[in-house]
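Coordinates in review
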Amino acid sequence: MATLKKKLQGLVAATLTPMTENGEINFSVIGQYVDYLVKEQGVKNVFVNGTTGEGLSLSISERRQVAEEWVTQGRNKLDQVVIHVGALSLKESQELARHAAEIGADGIAVIAPFFFKPWNKDVLVNFLREVAAAAPSLPFYYYHIPALTGVKIRAEEVLDGIQDKIPSFQGLKFSDTDLLDFGQCVDQNHQQQFALLFGVDEQLLSGLVMGATGAVGSTYNYLGKKTNQILEAFERKDFSSALNYQFCIQRFINFVVKLGFGVAQTKAIMTLVSGIPMGPPRLPLQKATREFTDHAAAKLKSLDFLSTADLKGRNLGACI
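Starting afresh in each chain, residues are numbered from 1 along the sequence in its written order. Predicted model: local features are reported for residues with pLDDT of at least 70 only, side-chain atom pairs are reported and counted for 80 or more only, and whole-chain, interface and lining totals are derived from all residues. Side-chain calculation: all heavy atoms of the structure are included, whereas hydrogens and water are not.

Some points on the overall build of the protein chain
- Secondary structure summary: the protein chain contains 13 helices and eight strands in total.
- Only C-alpha atoms enter the radius of gyration; for comparison, a globular chain is expected to reach 2.2 Å times N to the power 0.38, where N is the number of residues. Expected size for 320 residues packed as a compact globule is a radius of gyration near 20 Å; at 19 Å, the protein chain falls within 12% of this value.
- Expressed along its principal axes, the backbone C-alpha trace of the protein chain runs to roughly 55 × 45 × 35 Å.
- Exposure is judged per residue with a 1.4 Å probe applied to protein chains only, and the accessible area is read against the type maximum: over 50% gives exposed, under 20% gives buried, and values in between give partly exposed. When burial is assessed residue by residue, the protein chain has 56% of its 320 residues classed as buried.
- Note on contacts: a residue pair is in contact if any heavy atoms of the two residues lie within 4.5 Å. Restricting the contact set of the protein chain to residue pairs at least 6 apart, pairs at least 24 apart contribute 74%.
- Within the protein chain, the 32 negative side-chain charges are centred at a point lying 3 Å from the centre of the 32 positive side-chain charges. Secondary structure is summarised from DSSP: a helix means a run of H or I of at least four residues, a strand means a run of E of at least two, and numbering begins at the N terminus for each. Positive charges are assigned to Lys and Arg, negative charges to Asp and Glu, while His and the chain termini are left out of the count. Think of each charge as sitting on NZ of Lys, CZ of Arg, CG of Asp or CD of Glu.

Below is the structure:
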């Protein structure tokens, strides 16, 4: 049975993988990255080697090294380091799961395999079970992201009876906009006390209203402080303020989505706001343009997310 220190809740940053200009991983800045998340953004949980971290563009060796560095640098600073270990190969996923347990990670997560796809819930759960069994002491999370995997099996179905087959199962990262599906995940599993983590940053408040216990997202790397205000307002039942904070964050996300927003652009924004060089993405992703970065910087300043005087953006102001 998995040993759980405490329930994974609150904000979880989907971490970027810093790279040099020639596409090698820049391990040297991860310690600085940890300190920035904790001290500047108030975020103490991380989700490593996921979509934002370009996990599936890294070699198995690189994924192991990145996981090790986050666990090492996060020790006594971060609350939980969850490692995404999903892969197209069951054997590789099991290898990564075992490695996560060996290095002292706090949990593992897995997406559905997306080349040879599971065609129903039972096939998917059997795959997840085999991965989880490679690290039975670690809390196990299913990473539901159908827009990228193409696996349209509803999360509600996957969760139905899942602990009977995967005793270490502790929760769900739900990266989809189907609030009916998410709501049923909450409604049908309230007795299990699962961590139900919402993964659509611009709709976080909707997820909280539906019963999300926390959230995993890329914008929490640089808008964690602002997003924590949503959580705090929601907790004290100040729904008007929570909505205003959400709308403010939406203004920025809506703006950059229209420019073309993905991992490469997230790296550019994180570099801009934190001052920590994230570098380019790995091919086939293309580096963000200077035009995008300039427009994003101007929008951040207009929303008081980024100080006009300090392009490192360590002065995150209020939006309401």
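Points about the UniProt feature "active site" (unreviewed entry) in the protein chain
- UniProt positions are given in the numbering used here, feature names are shortened, and annotations may be inferred rather than shown by experiment. Sites flagged by UniProt as "active site" (unreviewed entry) map to Tyr-143 and Lys-173. A maximum C-alpha distance of 4.7 Å is found for the annotated residues, which run over 31 residues; spatially they form one tight group. As for the lining of the largest pocket, the annotated residues named previously contribute Tyr-143 and Lys-173.
- Position of Tyr-143 relative to the elements: it lies in strand β5 (residues 140-144). A cavity here means a set of 1 Å grid points, computed over protein atoms only, where a 1.4 Å probe fits but cannot escape. A pocket is an open set with protein on both sides within 12 Å along at least 5 of 7 lines, and lining residues have an atom within 4 Å of a point.

Some remarks on helix α3 (residues 90-103)
- Under the 1.5 Å per step criterion, the end-to-end length of α3 is 20 Å for 14 residues, consistent within 8% with the ideal 20 Å.
- Looking only at α3, the buried set comprises Ser-93, Gln-94, Leu-96, Ala-97, His-99, Ala-100 and Ile-103.
- Buried positions along α3 lie against α2 (60-74), β3 (80-84), β4 (107-111) and α4 (121-132).
- The N-cap residue of α3 is Ser-89: its side-chain oxygen and the backbone nitrogen of Lys-91 are 3.3 Å apart.
- Where α3 ends, the next residue or the one after it, Gly-104, has phi of about 90 degrees, a positive value. By definition here, a helix of n residues has an expected span of 1.5 Å times n minus one. Distance and chemistry together define a polar contact, namely a pair of N or O atoms within 3.5 Å, with one atom able to donate a hydrogen and the other to accept it when in protein, and with adjacent residues in sequence counting only for side-chain atoms on both sides.

Side note on unusual backbone geometry
- Here the bond from Leu-283 into Pro-284 is cis, since omega is 15 degrees, no more than 30 degrees from zero.
- Relative to the elements of secondary structure, Pro-284 occurs in the loop between α12 (263-274) and α13 (290-302).
- One non-glycine residue with positive phi stands out, namely Gln-193, at about 60 degrees.
- Positionally, Gln-193 belongs in the loop between α8 (179-187) and β7 (195-198).
- One non-glycine residue, Lys-237, adopts positive backbone phi at about 65 degrees.

A closer look at the layout of surface pockets
- Grid points are joined across faces, edges and corners, and a volume is the space filled by probe spheres set on the points. Each pocket or cavity is described by its volume, and for the largest pocket that value is around 680 Å³.
- As for the largest pocket, its lining consists of 27 residues, of which Thr-51, Thr-52, Ile-145, Gly-199 and Ser-218 are closest to the centre.
- If you list the elements that add at least two residues to the lining of the largest pocket, you get α5 (146-149), β8 (214-217), α11 (239-259) and α12.
- For this classification, Asp, Glu, Lys and Arg are treated as charged, while Ala, Val, Leu, Ile, Met, Phe, Trp, Tyr, Cys and Pro are nonpolar and the rest, including Gly, are polar. Class assignment for the residues of the lining of the largest pocket results in 12 nonpolar, 11 polar and four charged.

Regarding the UniProt feature "binding site: pyruvate" (unreviewed entry) in the protein chain
- With numbering matched to this structure, UniProt assigns "binding site: pyruvate" (unreviewed entry) to Thr-52 and Val-216. The largest pairwise C-alpha distance within this set of annotated residues, which runs over 165 residues, is 10.6 Å, so the set is compact in three dimensions. From the set just named, the residues that line the largest pocket comprise Thr-52 and Val-216.
- Within the secondary structure layout, Thr-52 lies in the loop between β2 (45-48) and α2.
- When its relative accessible area of 12% is taken as the criterion, Thr-52 is described as buried.

Things to note about the nonpolar core
- Put simply, buried Ala, Val, Leu, Ile, Met, Phe, Trp, Tyr and Cys residues joined by side-chain atoms within 4.5 Å make one nonpolar core. Among the nonpolar cores identified, the biggest contains 94 residues, and Trp-70, Leu-128, Phe-140, Phe-252 and Ile-269 are the most heavily contacted of them.
- In terms of residues, this core owes the most to one element, α11, which gives seven residues.
- Aside from chain neighbours lying at most four places away, what touches Ile-269 is Tyr-222, Phe-252, Val-256, Phe-261, Phe-292, Ala-296 and Leu-300.
- With 13 residues, the next largest nonpolar core counts Val-82, Tyr-143, Leu-197 and Val-216 among its residues.

So, α8
- Here α8 has its buried residues at Asp-181, Phe-182, Gly-183, Cys-185 and Val-186.
- The secondary structure elements touched by the buried residues of α8 are β5, α6 (155-159), β6 (169-174), β7 and α9 (204-210).
- Measuring from the backbone nitrogen of Leu-180 back to the side-chain oxygen at the start of α8 gives 3.1 Å, which picks out Asp-178 as the cap.

As for the pairing of β2
- Alternating positions in β2 separate into two faces, Asn-45 and Phe-47 on one and Val-46 and Val-48 on the other, with burial throughout.
- Pairing analysis gives two bridges linking strand β1 (residues 10-14) to β2, with the strands arranged parallel. Within β2, the residue paired with Ala-14 across the bridge is Phe-47.
- Handedness rule for crossovers: strands pointing away from the viewer, path from the first strand over the helix to the second running clockwise, crossover right-handed. This β-α-β element, β1 to helix α1 (residues 30-40) to β2, shows right-handed connectivity.
- For two strands to be treated as a pair, DSSP must find no fewer than two bridges joining them. Here four bridges tie β2 to β3, and the two strands are oriented parallel to one another. Bridging across to β3, Phe-47 finds its partner in Val-82.
- Taking the sense of rotation as the criterion, the β-α-β connection linking β2, α2 and β3 turns out right-handed.

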